[in-house]
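Spelled out from the first residue to the last, the chains are:
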Amino acid sequence: MRGPSLLPGLCFLLSLSEVMAQKTIASCKCPQHAHCVNSTYCTCKHGYTSMLGKEFFTFPLATCEDIDECKPPISIYCGANAACQNTNGGFYCHCNPGYKLLSGAPQFQNSNENTCQKTTSSATTKAMKDVSTSPALEPSQLQHVVETFESLLANKTLLGTGEKKKVASWATGVLQTLETDALDTALKSPEQKIQKIHNSTVAIETRVVTDNCSEEEQIFSLNTHMNSVDIHCNDVVQGNIQGPTAIALISYSSLGNIINATFFEESNEKDRVYLNSEVVSAAIGPQRNKSLSKSVILSLQHMKMKPNKGKSFCVYWKSTGDHGQWSRDGCFLIQENKTHTVCNSTHLSSFAVLMALTSQEKDPGLTVITYVGLGISLLCLLLAALTFLLCKTIQNTSTSIHLQLSICLFLAHLLFLTAIDQTEIKVLCAIIAGVLHYLYLASFTWMLLEGLNLFLTARNLTVVNYSSVSKIMKKLMFPVGYGVPAIIVAISAVIKSDLYGTPDRCWLNLDQGFIWSFLGPVCAIICVNLVIFLLILWILKRKLSSLNSEVSTIQNIRMLTLKATAQLFILGCTWFLGILQVGPAAHVMAYLFTIINSLQGVFIFLVYCLLSQQVRKWFGEITKSKSESEAYTLSTKFGADSKPSEVRGLVTYSNASPHNTPNPLSLS
């Protein structure tokens, strides 16, 4: 769907970006480490990335910076007894001191070319002694851990049963056994601070810490294959432990085929979910502290390139007794690209990345309801806004609030209908999501102001100095109604601007709980308004039993309160139905969400316009004056020379005019 921009600010931003793009395209002057594509766009050379985070760009001030392939999230693995060295626009691998390639070459490109062998020359031996921070180590001490895993993996008898409970129990035992063995091996040789080993099925790296943290914010990084973990030194040291402590990182190449995505606790038969990384275990010892004072950062390499429509989940192996399953509790996705996903976890365990491929097929029924329903809703909101603006007999604070509510909902629905799926340009999509966030928050804020206004009106029946409070309400109404939502959206955009917009639609991203920047204020407003409405009804009940002279005023306030409560239910219920679109009932909830969302404008026009006696009277007067005008215009068309038959026709028309017929809209 493509539609015109709604807001002047959005138009200005788009116009500015187009001008800048045209100027850049005309010359196609690209920054250093970039080249021109089709005389139109710039793209960074291999080994460099744009600061804008885009593959193609036109912004003239953009720069291309070197990608450090040796650090997370890429963390190139060069194999045993070797290390990665970053260069401008690339990297290379080299053997650790004390080792050299069989070919004698000084460097190589990847682990497949690794033939690093130990040397015995005196010069090399001296170099090995001088390097204390990263000593070269024999992998043989961890060899028995690898052999233990391979023997467990070779036992296919249990796995052949296919019983998920038994398989989960077996996997839990394997993970715990290898973590314990790797930590014990590291702690038995504390003089060897770092040990590494890898083969086709498993890769292990351990690190021993023999003293307290030398730096306050010291972080240890371990790498196995293309996976890495960053953990704070204080969590490894475990303050009250005497003697050395250790951390182990283990990557399993084939274990994910056994404990696959079918063990995900939130899996649905209709969902296409698969494990898209190796299973990676992180553990510390000698005490198995699973909870951490500071979160651990994990970078997990994808087994397959991340699809555009795929959604990644960071999960850990949750073992309960003799059972286990993948769970998302306490494990959060920080960022991702085509090759890696970076996760944040509050505890240590075995981790993986799940990829969910959601079906993008649109339900034609929902599409029809959305277009027809929102089209009718937009018409009703427009008519309601015109009524609130032009009908002089209902002009008051409450009507002004209804007018602002109608305007906000009209703009929100129009933008939703025309631009919700404009995801091609990420910046534009983020702006659309931000404007929708603002407009819907503003709608709920005006509903809160409506509740406060009704409460003050009800209090006027018992409080003498009401006029001063009413004046304050009128002064603060617009700053609060439009200012508070702007502050919330501004704070959200500053903190997590990258979470505005998703690959499927221009709305708030569900990752990291960002949706609560909208649902949080909405839930708070709904709860506050419900309390206010109950207080109003309680005040009116007391007043009605003690005072009869103001019965009509009390009844009017009570009727407005009931209307406002119903309005709050209609508008608030929509978003709660949106939250419930999970599991087997998702399809039903989607239809309810769409139908009720389409009825919002109809509800406002029906309740506040068509059911209002004053508005119906105003409609009747408009119809009456229009009929009189038509009759007068027709009568002036006949002069003194008109034929008698024409005059008789005019008299007949005049007798049938609304002068002599009751107005069907007037019920008073």
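This text follows the structure it describes.
Residues numbered from 1 in each chain as written. Predicted model: local features only at pLDDT ≥ 70, side-chain atom pairs only at ≥ 80, totals over all residues. Heavy atoms only, no water.

Let us look at the overall build of the chain. From N to C terminus, the chain includes 14 helices and 22 strands. By the burial criterion, 43% of the 668 residues in the chain qualify as buried. Sequence separation of 24 or more characterises 66% of the internal contacts of the chain that already satisfy a separation of 6 or more. Total accessible area on the chain is roughly 34,700 Å²; 59% of this is exposed by carbon and sulfur atoms. (Helix = DSSP H or I, 4+ residues; strand = E, 2+ residues; numbered from the N terminus. Buried < 20%, exposed > 50% of the residue type's maximum accessible area, 1.4 Å probe, protein only. Contact = heavy atoms within 4.5 Å. Areas by Shrake-Rupley, 256 points an atom, 1.4 Å probe, with all protein chains shown as cover.)

Let us look at the packing of helix H7 (residues 397-419) against helix H8 (residues 426-459). Put simply, H7 and H8 touch, their axes get as near as 9 Å, and they point 160 degrees apart. When the axes of H7 and H8 are compared, the pair comes out roughly antiparallel. Two packed elements cross with a definite hand, and for H7 against H8 that hand is left-handed. (Axes fitted to C-alpha atoms, helices over the stretch in contact; angles between N-to-C directions. Parallel < 35°, antiparallel > 145°, perpendicular 65-115°, else oblique. Left-handed = near helix turned anticlockwise from the far one by under 90°.)

Now for the nonpolar core. The biggest cluster of nonpolar side chains holds 55 residues, and the ones touching the most others in it are Phe388, Trp507, Phe518 and Ile604. Every element with two or more residues in this core is listed here: helix H6 (364-390), H7, H8, helix H9 (466-496), helix H10 (516-546), helix H12 (586-610) and helix H13 (613-636). No other element matches the 15 residues that H8 contributes to this core. If near-sequence neighbours (up to four positions away) are discounted, Ile604 is found in contact with Leu381, Ala384, Phe388, Leu405, Ser406, Leu409 and Cys609. (Core = buried A, V, L, I, M, F, W, Y, C linked by side-chain atoms within 4.5 Å.)

Moving on: the pattern of salt bridges. One pass over the full model with this rule turns up two salt bridges. One salt bridge in this structure joins Lys196 and Glu205, with 4.0 Å as the shortest N-O distance. Assessed through its relative accessible area of 30%, Lys196 is described here as partly exposed. Accessibility expressed as a relative area gives 4% for Glu205, which makes it buried. (Salt bridge = Lys/Arg side-chain N within 4 Å of Asp/Glu carboxyl O.)

Before going further, it helps to examine a nonpolar patch on the surface. A surface patch of nonpolar side chains, amounting to about 520 Å² of accessible area, comprises Leu379, Leu382, Leu383, Leu386, Leu389 and Leu390. Relative to the helices and strands, Leu386 is located in helix H6. The class of Leu386 is partly exposed, set by a relative accessible area of 39%. (Patch = residues over 30% accessible without salt bridge, like charges linked within 9 Å, V, L, I, M, F, W, Y side chains within 5 Å.)

So, about the environment of Ala458. When you line up the elements, Ala458 lands in helix H8. Sequence separation between Ala458 and Trp538 is 80 residues, and the spatial gap between their C-alpha atoms is 10.0 Å.

Two strands in a sheet stick together by hydrogen bonds in their backbones, pointing the same way (parallel) or opposite ways (antiparallel). The strand order S1-S2-S4 describes an open sheet built from three strands, whose pairing is antiparallel. A strand with exactly one partner marks an edge of an open sheet, and here the two such strands are strand S1 (34-37) and strand S4 (56-57). Two elements, strand S2 (residues 41-44) and S4, share two bridges in a ladder whose sense is antiparallel. Within the sheet, the bridge partner assigned to Cys42 lies in S4 and is Phe57. (Pairing = 2+ DSSP bridges.)

What follows concerns the packing of aromatic side chains. The tally for this structure, following the rule as stated, stands at ten aromatic pairs. Ring geometry for Trp317 and Trp326: centres 5.1 Å apart, planes at 75 degrees, overall edge-to-face. A relative accessible area of 4% places Trp317 in the buried class. Measuring from centroid to centroid gives 5.2 Å for Tyr500 and Phe514, while their planes differ by 85 degrees, and the two rings are edge-to-face. Of the two residues, Tyr500 sits in the loop between H9 and H10 while Phe514 sits in the loop between H9 and H10, which places them 14 residues apart along the sequence. One exposure class covers both Tyr500 and Phe514, and it is buried. Here the aromatic cluster, defined as three or more aromatic residues joined through ring pairs, consists of Tyr440, Phe444, Trp507 and Phe518. (Phe/Tyr/Trp six-rings, centres within 6.5 Å; stacked < 30°, edge-to-face > 60°.)

So, on to H6. Across its 27 residues, H6 extends 39 Å between first and last C-alpha, which sits within 8% of the 39 Å expected from 1.5 Å per residue. When H6 is considered as a whole, its buried residues turn out to be Leu366, Thr370, Gly373, Leu374, Ser377, Leu378, Cys380, Leu381, Ala384, Ala385, Thr387 and Phe388. (Expected span 1.5 Å × (residues − 1).)

A separate point is the pairing of S1. As defined by bridge partners, S1 adjoins S2 across four bridges and the pair is classed as antiparallel. Following the sheet pairing, Val37 is matched in S2 by Tyr41. As consecutive antiparallel partners, S1 and S2 are separated by three residues, and within that stretch Asn38 has a phi angle of approximately 55 degrees, a positive value.

Now for the state of the cysteines. Tallied over the full model, the rule gives six disulfides. For the unlinked cysteine Cys391, the closest cysteine sulfur is that of Cys609, found at 8.5 Å. Cys523 forms no disulfide, and the closest cysteine sulfur to it belongs to Cys527, at a distance of 6.6 Å. (Disulfide = S-S within 2.5 Å.)

A few words on the environment of Gln325. Relative to the helices and strands, Gln325 is located in strand S19 (residues 323-327). Here the alpha-carbon distance between Gln325 and Glu265, two residues 60 residues apart in the chain, equals 6.2 Å. Beyond its immediate stretch of four places on either side in the chain, Gln325 contacts Phe263, Glu265, Tyr316, Trp317 and Lys318.

Even without a glycine there, the phi angle at His33 is positive, about 65 degrees. Inspection of the secondary structure puts His33 in the loop between helix H1 (8-27) and S1. Of the residues examined, His33 reaches a relative accessible area of 27% and is grouped as partly exposed. Its identity is not glycine, yet His225 carries a phi of approximately 55 degrees, on the positive side. With respect to the secondary-structure elements, His225 resides in the loop between strand S12 (219-224) and strand S13 (227-232).

Along the chain, Ser350 falls in strand S22 (residues 350-357). What makes Ser350 buried here is its relative accessible area of 2%. Separated by 2.6 Å, the side chains of Ser350 and Ser281 make a polar contact. Non-local contacts of Ser350, meaning those with residues more than four positions away in its chain, are made with Leu175, Glu179, Val279, Val280, Ser281, Val315, Tyr316, Trp317 and Trp326. (Polar contact = N/O pair within 3.5 Å; in protein donor to acceptor, adjacent residues only side chain to side chain.)

With that settled, consider the side chain of His413. By the element assignment, His413 lies in helix H7. Overall, the relative accessible area of 0% leaves His413 in the buried class.

Within the secondary structure, Ser228 sits in strand S13. The exposure class assigned to Ser228 is buried, which follows from its relative accessible area of 2%. Sequence separation of Ser228 and Leu298 is 70 residues, and the distance between their C-alpha atoms is 5.8 Å.

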